[in-house]
Amino acid sequence: MRIAESELIINSDGSCFHLHLKPEEVADNVILVGDPGRITMIQKFLTDIEFTRDAREFRSTTGRYNGKRITVISTGIGTDNCDIVMNELDALVNIDFKTREIKKKLKSLNILRIGTSGAIQADIPLGSYVFSHMSLGCDGLMNWYADRRKIAVPGIGPAFKKFVGWNRHLTDPYFVKAGKKMTDLFKDCTVRGVTVSAQGFYGPQGRVLRMGLAMPDMIDRFEDFEYKGWKITNFEMESSAIAGIGRHLGHNCGTVCLIIAQRHDQRAFTDYKPKMEGLIKLALDKLTK
C-alpha cells in the first residue's frame, strides 16, 4: 500500500519532515536525548562525525564509537515530541521513500534514551543511574494507537489506578516494558526502574507552585504503590512513548536516567555534568560492546 504525501511528508531533499534526516544517515544504534545541547557533549566521545543538523528542537549527528556507527538525536521535552521522532525514525528505515511503501524486510533499531529524572523512592540517592525496566504512561499518547493492550503489561494498570485513587478526569494510564535486549545490557549497572512518564514538569509530577493538584497526595501514593515486587522509582517525560512505540514497531528500546532530584526528601543538585558524562560513556560502551 502506498502511503500518501499528507501522511508521510518527505522534504524536497529526500529527508523526513521534522528530523531532516535521510534514510542512509541513520545508524542501527540510536541515542535520544532531550536537550539539543547534549548532542555536543556526546560528540566529544565520537569519531568520524558525518554531519550535525538542526531542525527546530531536533538536532542530530552520526559518528562512530568503538568503530560502530551511532546516531544521536535530541527530541526536546515530552512524549509528543517522541511520537514524532520514533515514527520518523521507523519510517526512515522501514519505508521506501521512493515508492512510499513499507519494506518487505523490516529493520529493528537499538534506541536508547539518556536523560535526567527525579527519584520517588527514598533509597535512590542523587547521582544514581536508573534504567526503566517498565514505564508508566500517564501522558495518554499510546491511547491514540490501536491495540494498546498488546503492549501494556497486564494486571498492574488496574491495580495502580485503584491504589492511588486515579482521578477520573486524567488520561488512562498504562505500563509498558522496555526491550529485553536493552534491559539485559543495563541490568547489572543501574537501579531497576518503574518510571513515570508525566505530561508536564510541574503539576503532572506533583510539584506545587501557585496551583493546587487534582491528586494532592500523589507523590506519597506513587511511593507506596507496589505490585509483585515492582515499585515506582522515578519521574521523567519521555520513556513511555519510546518504549510503547518501539514495542509496537519492533524496535529494541530503553531509557536510562541520571537522578538529579530526590522527591521524597525534596533535594536536588544542578552540577551534574560529570555524572551525565559518566552515564553517556556507560551507555556508549554498552551499545557498542
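This report concerns the structure included in the present document. (Residues numbered from 1 in each chain as written. Predicted model: local features only at pLDDT ≥ 70, side-chain atom pairs only at ≥ 80, totals over all residues. Heavy atoms only, no water.)

Attention now moves to helix α7 (residues 239-249). The buried fraction of α7 amounts to 8 of the 11 residues, a majority that puts the element mostly inside the structure. Turning to α7, its buried residues are Ser 239, Ser 240, Ala 241, Ile 242, Ala 243, Gly 244, Ile 245 and Gly 246. Phi turns positive one or two residues past the end of α7, at Gly 250, with a value near 85°. (Buried < 20%, exposed > 50% of the residue type's maximum accessible area, 1.4 Å probe, protein only. Helix = DSSP H or I, 4+ residues; strand = E, 2+ residues; numbered from the N terminus.)

For the pair helix α2 (residues 79-94) and α7, the least separation of the axes is 9 Å and the interaxial angle reads 30°. If you check the angle between α2 and α7, you find them roughly parallel. The element α2 and its partner α7 pack so that their crossing is right-handed. The residues of α7 that touch α2, namely those facing Thr 79, Cys 82, Asp 83, Met 86, Asn 87 and Asp 90, are Ser 240, Ala 241, Ile 242, Ile 245, Gly 246 and Leu 249. (Axes fitted to C-alpha atoms, helices over the stretch in contact; angles between N-to-C directions. Parallel < 35°, antiparallel > 145°, perpendicular 65-115°, else oblique. Left-handed = near helix turned anticlockwise from the far one by under 90°. Contact = heavy atoms within 4.5 Å.)

A cluster of nonpolar residues, Phe 201, Tyr 202 and Leu 209, forms a patch on the protein surface that exposes about 340 Å² of accessible area. For Leu 209, the location among the structural elements is in the loop between β10 (191-197) and α6 (218-224). Judged by relative accessible area, which is 65%, Leu 209 ranks as exposed. (Patch = residues over 30% accessible without salt bridge, like charges linked within 9 Å, V, L, I, M, F, W, Y side chains within 5 Å. Areas by Shrake-Rupley, 256 points an atom, 1.4 Å probe, with all protein chains shown as cover. Salt bridge = Lys/Arg side-chain N within 4 Å of Asp/Glu carboxyl O.)

Throughout the structure, instances matching the rule amount to 9 aromatic pairs. Note on Phe 160 and Phe 225: the rings are 5.4 Å apart at their centroids and 85° apart in plane angle, and the pair reads as edge-to-face. In this pair, Phe 160 is assigned in helix α4 (residues 156-164) and Phe 225 in the loop between α6 and β11 (226-227), connecting sequence segments 65 residues apart. Residue classification places Phe 160 among the buried residues on the basis of a relative accessible area of 0%. Overall, Phe 225 belongs to the buried group, its relative accessible area being 3%. Consider the rings of Phe 222 and Phe 235, whose centres lie 5.9 Å apart with planes at 35°: the pair is tilted. (Phe/Tyr/Trp six-rings, centres within 6.5 Å; stacked < 30°, edge-to-face > 60°.)

Inspection of every chain in the model, using the stated rule, returns 14 salt bridges. Residue Asp 172 is joined to Arg 148 by a salt bridge in which the shortest nitrogen-to-oxygen separation is 3.2 Å. Of this pair, Asp 172 sits in the loop between α4 and β9 (174-177) while Arg 148 sits in helix α3 (residues 148-151), and the two are 24 residues apart along the sequence. Classification of Asp 172 by relative accessible area gives partly exposed; the value is 30%. Connected through shared salt-bridge partners, Arg 2, Glu 5 and Arg 100 make up one network.

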